[in-house]
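One-letter residues, chain by chain:
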Amino acid sequence: MKVLICGAGQVGFGIAERLSQEDNDVSVIDTAPDLIAHITETLDVRGYVGHGSHPDVLARAGADQADMIIAVTLHDEVNIVACEVAHAIFNVPTKVARIRAQSYLAPEYSDLFSRENVPIDVTISPEIEVGQLVLRRISFPGATDVVRFAEDRITMIAIECMEDCPVVDTPLHQLSQLFPDLRATVTGIFRKGRLIVPHSTDQLQTGDLAYVVCDRDHTRRTLALFGHEEQEARRIIIFGGGNIGHFVARMIEKQQPRMRVKLIESDRNRAVFISDKLNNTVVLQGSAMDQRILMQADVQDADLVVALTNSDQINILGSMMAKRLGAKSTLVLINEPAYQGFASTAGVDAHINPRAVTISRVLQHVRKGRIRSVYAVQNGMAEVIEAEALETSPLVGRALRELNLPEGIRIGGLYRDKTFILPDGSTRIKAKDRVVLLAAASAVRDVEQLFRVSIQYF
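Here is what the cut-offs are and how they apply
- Residues numbered from 1 in each chain as written.
- Predicted model: local features only at pLDDT ≥ 70, side-chain atom pairs only at ≥ 80, totals over all residues.
- Heavy atoms only, no water.
- Helix = DSSP H or I, 4+ residues; strand = E, 2+ residues; numbered from the N terminus.
- Buried < 20%, exposed > 50% of the residue type's maximum accessible area, 1.4 Å probe, protein only.
- Contact = heavy atoms within 4.5 Å.
- Areas by Shrake-Rupley, 256 points an atom, 1.4 Å probe, with all protein chains shown as cover.
- Lys, Arg positive; Asp, Glu negative; His and termini not counted.
- Charge placed at Lys NZ, Arg CZ, Asp CG, Glu CD.
- Pairing = 2+ DSSP bridges.
- Axes fitted to C-alpha atoms, helices over the stretch in contact; angles between N-to-C directions.
- Right-handed = clockwise from strand over helix to strand, strands pointing away.
- Parallel < 35°, antiparallel > 145°, perpendicular 65-115°, else oblique.
- Left-handed = near helix turned anticlockwise from the far one by under 90°.
- Nonpolar A, V, L, I, M, F, W, Y, C, P; charged D, E, K, R; others polar.

Under an unreviewed UniProt entry, the name given to the chain is Trk system potassium uptake protein TrkA, and the source organism is Sinorhizobium kostiense.

Written as structure tokens, this is what we have:
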């Protein structure tokens, strides 16, 4: 596949890295010569200095042969125009744009991005994607990652196995015998820097991070089974009143009115603006690293501090100060990959990588076959994939134990007739079933082949 990427920042670099590793033909456009030099020296991609919305630059980058354009510059208007030009002049089949301004995405303008108006096939809002992930993490304390699939009926949760985890040193196949009514499957294990796609005889060890696919209604029970019965936060302090912080506070007011939320925003005008927009949230103007402001927010009583400013340093240092002053737990937004590695040693309880969220959304539309959703884990070591089985798929009609699936794939759950099905060796996949599985990076192409439309389908 030939892909054009407009924007060589952190998100553009991450997308280019993933796609080039999979032998796609990738070209990257950016106005900054140093970013283009870095990406071409580091990755197997072509780089072009210029504006991604300019026809001559797109032409030099080979837009006339492109299968997809992904516009992820920092400016919405550049992303929009790049997609429009790619459509009107070069007839690029698939256009993906990152849109940050929420006014473009308001429900009353839902038909704005359509072939008849602005021809963008996929819009990605990092603020909304990250905000929704934050809300899921707040709802399920104890999980280090939470993602929903299959019309929100199937959940993937990442759970750390602590020393008191009841299921360590137990073969995975015995879990279904010990807990026969538990609707959950361990699909992946991250251990000492490696991602393992386990077999039924493998065991969990202390320190593992387990990726578990389960029925949505069994999420809390699954966490409890792994020894995580943390209480949901009732007193929350949010650092940062930008798009993400404002979205999270607004949704908490709407969905969890019993939670008490305080928000700290450094910019006075922004603080006044969001104070007018929010009903029950206490908005404080000041720095999240100012101890007086933290004490004014009653940080010593906070169950959770959620740091969502645009500065990694403020997020990390402010959270460390909050913990020292008595906050029970912290959830921190970290953009810079170099900071993510030592976040836990710095006292950060959990962190969110916004780049990974955006890249996952893009991959969903790059993958071939009937792929409905994709979520990358551990910087692309594996992907949790939701795919639809077709009548011609080799998966359909045979018991799972007879399939001889490629190495690196483990099926976690099926969604059929609005019902979760826990798979076992006798389970038979039917046409139109949605299959949620974990695939190691080396097995992603096998998954695409398993869910592609064969010629007999037509």
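Here the narrative resumes, following the displayed structure.
1. Concerning the overall build of the chain
Regarding its fold elements, the chain presents 14 helices and 22 strands. The burial tally for the chain puts 56% of its 458 residues in the buried class. When contacts within the chain are restricted to residue pairs at least 6 apart in sequence, long-range pairs at least 24 apart make up 64% of them. Surface summary for the chain: the accessible area is close to 20700 Å², and the carbon and sulfur share equals 47%. On the chain, the mean spot of the 50 positive side-chain charges and the mean spot of the 57 negative ones are 4 Å from each other.

2. Concerning the sheet that holds strand β2 (residues 25–30)
The sheet built from six strands is open, its strands ordered β3-β2-β1-β4-β5-β6 with parallel pairing. Every interior strand has two partners, whereas the edge strands, β3 (46–49) and β6 (122–124), have only one. With direction set aside, neighbouring strand axes in the sheet form an average angle of 15°. As defined by bridge partners, strand β4 (residues 68–71) adjoins strand β5 (residues 94–98) across four bridges and the pair is classed as parallel. Bridging from a neighbouring strand, Met-68 pairs with Thr-94 of β5. Against the sheet, helix α4 (residues 76–88) makes contact with β1 (2–6), β4 and β5, and its axis sits at roughly 175° relative to β5, the strand it touches most.

3. Focus: the side chain of Glu-386
Checked against the element boundaries, Glu-386 lands in strand β19 (residues 382–388). Beyond its immediate stretch of four places on either side in the chain, Glu-386 contacts Phe-149, Ala-150, Arg-370, Ile-371, Arg-372, Ser-373, Arg-434, Val-435 and Val-436.

4. Some details on the pairing of β5
Of all five residues in β5, four are buried, a share of seventy percent or more. The β-α-β motif built from β4, the intervening α4 and the parallel element β5 has right-handed crossover chirality. Bridge count for β5 against β6 is three bridges, and the pairing is parallel. Looking across to β6, one finds that Val-96 is bridged to Val-122.

5. Examining the packing of helix α1 (residues 10–21) against helix α13 (residues 354–366)
The N-to-C vectors of α1 and α13 enclose an angle of 45°; their axes lie 10 Å apart at closest approach. In this view, α1 runs oblique relative to α13, as classed from their interaxial angle. Crossing of α1 against α13: the hand is right-handed. Of the residues in α13, those in contact with Gln-10, Val-11, Phe-13, Gly-14, Ile-15, Arg-18 and Leu-19 of α1 are Arg-355, Thr-358, Ile-359, Val-362, Leu-363 and Val-366. A breakdown of the residues in the contact of α1 with α13 according to their chemical character gives eight nonpolar, three polar and two charged.

6. With respect to the sheet that holds strand β13 (residues 260–265)
Ordered in space as β14-β13-β12-β15-β16-β17, the six strands form an open sheet in which the pairing is parallel. At either margin of the open sheet sits one strand with a lone partner, and together these are β14 (282–285) and β17 (350–352). With direction set aside, neighbouring strand axes in the sheet form an average angle of 15°. The pairing of strand β16 (residues 330–333) with β17 spans three bridges and is classified as parallel. Each bridged residue has a counterpart across the sheet, and for Val-332 the counterpart in β17 is His-351. The sheet contacts of helix α9 (residues 268–277) involve β13 and β14, and relative to β14 the element is tilted by about 170°. Set on the sheet, helix α11 (residues 312–324) makes contact with β12 (235–239), β15 (304–307) and β16; between it and β16 the angle comes to about 170°.

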